[in-house]
Amino acid sequence: QVQLVESGGGLVQAGGSLRLSCVASGRTLSNYAMAWFRQAPGKEREFVAGISRSGGTTYYGDSVKGRFTISRDNAKNTVYLQMNSLKPEDTAVYYCAADRGVSPAIRTTAGPYDYWGQGTQVTVSS
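None of these values were measured; they are calculated from a predicted model. (Residues numbered from 1 in each chain as written. Predicted model: local features only at pLDDT ≥ 70, side-chain atom pairs only at ≥ 80, totals over all residues. Heavy atoms only, no water.)

*Asks:* Please provide a residue-by-residue account of unusual backbone geometry, values included.
*Replies:* Phi angles above zero are rare outside glycine, and N77 is one such case at about 55 degrees. Relative to the elements of secondary structure, N77 occurs in the loop between β7 (68-73) and β8 (78-83). Using a relative accessible area of 16% as the deciding quantity, one classes N77 as buried. Of note in the backbone geometry, S85 takes a positive phi value of approximately 50 degrees without being a glycine. (Helix = DSSP H or I, 4+ residues; strand = E, 2+ residues; numbered from the N terminus. Buried < 20%, exposed > 50% of the residue type's maximum accessible area, 1.4 Å probe, protein only.)

Following this line, the structure appears as structure tokens:
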């Protein structure tokens, strides 16, 4: 069992930056591929970014490419999401998720992920 706790959300103006953190407890984070998803009111949960177990491979959703960066520090059991050039359409609850599967691919749908955090709200004002 893995417990995930996100932090770092808040209110920011368009063009600003935030860094989200996701701290894992219960198991060693290096055993899991990790991802960030987001969900805005009335919309489906959307893949934002994913990172392999070692951190050597990353993958991003089209809407955030070039603006967001996912990283991990396995020694600290923490995954990060650096968000730059934020837009009002980035407003959502952001969730981190852990995938214990053996596939080397970073999965971009929510179903395969085994553990989820409670989410952190990001609001971008125009």
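*Asks:* Give me the packing of aromatic side chains: which residues, what numbers.
*Replies:* With the rule as written, the count across this model stands at seven aromatic pairs. Here Y32 and Y115 contribute two aromatic rings whose centre-to-centre distance is 6.0 Å and whose plane-to-plane angle is 80 degrees, an arrangement assigned as edge-to-face. Of this pair, Y32 sits in the loop between β3 (18-25) and β4 (33-39) while Y115 sits in strand β10 (residues 115-116), and the two are 83 residues apart along the sequence. Among the residues examined, Y32 registers a relative accessible area of 4% and is labelled buried. Between Y113 and W116 the ring centres are 6.2 Å apart and the planes differ by 65 degrees, which places this aromatic pair in the edge-to-face class. Relative accessible area serves as the criterion here: at 26%, W116 is assigned to the partly exposed category. In textbook terms, an aromatic cluster arises when at least three aromatic residues are bridged by ring pairs, as seen for F37, F47, Y59, Y95, Y113 and W116. The side chain of R45 reaches across the aromatic face of Y95, ending 3.9 Å from its centre. Sitting above the plane of the W116 ring, R45 keeps its charged end 4.8 Å from the centroid. (Phe/Tyr/Trp six-rings, centres within 6.5 Å; stacked < 30°, edge-to-face > 60°. Lys NZ or Arg CZ within 6 Å of the ring centre and 35° of its normal.)

*Asks:* Describe in detail the sheet that holds β3, supporting the description with residues and values.
*Replies:* Strand order in the open sheet formed by four strands is β1-β3-β8-β7, and the pairing between neighbours is antiparallel. For this open sheet the edge positions go to β1 (3-7) and β7, each flanked by a neighbour on one side alone. Going from strand to strand, the sheet's axes swing by 15 degrees on average, the running direction of each strand aside. In the sheet, β3 pairs with β8 via six bridges, with the strands oriented antiparallel. (Pairing = 2+ DSSP bridges. Axes fitted to C-alpha atoms, helices over the stretch in contact; angles between N-to-C directions.)

*Asks:* Can you tell me about the state of the cysteines, naming the residues and giving the values?
*Replies:* Enumeration according to the criterion identifies one disulfide in this entry. Bridging C22 to C96, the disulfide has an S-S length of 2.0 Å. In this structure the cystine formed by C22 and C96 twists about its S-S bond by roughly 50 degrees; its chirality is therefore right-handed. Taken together, the residues C22 in strand β3 and C96 in strand β9 (residues 92-99) connect sequence positions 74 residues apart. (Disulfide = S-S within 2.5 Å.)

*Asks:* Any chance you could break down the side chain of S21 for me, citing the residues and the numbers?
*Replies:* Topologically, S21 is positioned in strand β3. Apart from residues no more than four positions distant in its own chain, S21 is found in contact with V5, E6, S7, W36, T78, V79 and Y80. (Contact = heavy atoms within 4.5 Å.)

*Asks:* Quick one: what's the story with the pattern of salt bridges, residue by residue and with numbers?
*Replies:* Throughout the structure, instances matching the rule amount to six salt bridges. Of the charged contacts, one joins D62 and K65 as a salt bridge, the two residues approaching to 3.1 Å between their closest N and O atoms. Since its relative accessible area comes to 47%, K65 is described here as partly exposed. A salt bridge links D99 to R107, with the nearest nitrogen and oxygen atoms 2.9 Å apart. We classify D99 as buried; its relative accessible area is 1%. Ionic contacts of the salt-bridge type, sharing partners, join the residues R38, E46, R67 and D90 into one network. (Salt bridge = Lys/Arg side-chain N within 4 Å of Asp/Glu carboxyl O.)

Fair warning: the whole summary comes from geometry, so function is off the table for now.
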